[in-house]
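Working through the structure, step by step
As a plain string of letters, each chain reads:
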Amino acid sequence: MSGKTVDVGLRITGDGKGAQDAVSSIRQALGGLVTDSAKVKLLEGESESVKATRAELEGLIGETKVLAEASARVRILDAA
């Protein structure tokens, strides 16, 4: 979640047990955010990897086209 911010407001009313339950609930929610953040970082990294692979494949496709054209020229010259 690079470049993202989260504002959290908290107001607890009631007794100590209610406050403890609220803190426990918030702790679980924050733990979920940490997990989600880690997943986002992993996906961002995979996205960069996919972009690099795509660029490499596009380069190989271009080279294949050049080789196919050269091969066609050789066949034409051999047939002549």
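This report concerns the structure included in the present document. (Residues numbered from 1 in each chain as written. Predicted model: local features only at pLDDT ≥ 70, side-chain atom pairs only at ≥ 80, totals over all residues. Heavy atoms only, no water.)

Let's shift gears to the overall build of the protein chain. The helix and strand tally for the protein chain stands at one helix and zero strands. Classification of the 80 residues of the protein chain by burial places 1% in the buried group. When the accessible surface of the protein chain is split by element, carbon and sulfur atoms take 59% of a total near 7100 Å². (Helix = DSSP H or I, 4+ residues; strand = E, 2+ residues; numbered from the N terminus. Buried < 20%, exposed > 50% of the residue type's maximum accessible area, 1.4 Å probe, protein only. Areas by Shrake-Rupley, 256 points an atom, 1.4 Å probe, with all protein chains shown as cover.)

The next subject is the pattern of salt bridges. One pass over the full model with this rule turns up three salt bridges. Of the charged contacts, one joins E48 and K51 as a salt bridge, the two residues approaching to 3.6 Å between their closest N and O atoms. With E48 and K51 both in helix α1 (residues 16-79), this residue pair falls three residues apart, about one helical turn. Judged by relative accessible area, which is 52%, K51 ranks as exposed. R73 is paired through a salt bridge with E69; the nearest N and O atoms lie 4.0 Å apart. You can see R73 and its partner E69 sitting in helix α1, four residues apart, about one turn around the helix. Owing to a relative accessible area of 47%, E69 belongs among the partly exposed residues under this scheme. (Salt bridge = Lys/Arg side-chain N within 4 Å of Asp/Glu carboxyl O.)

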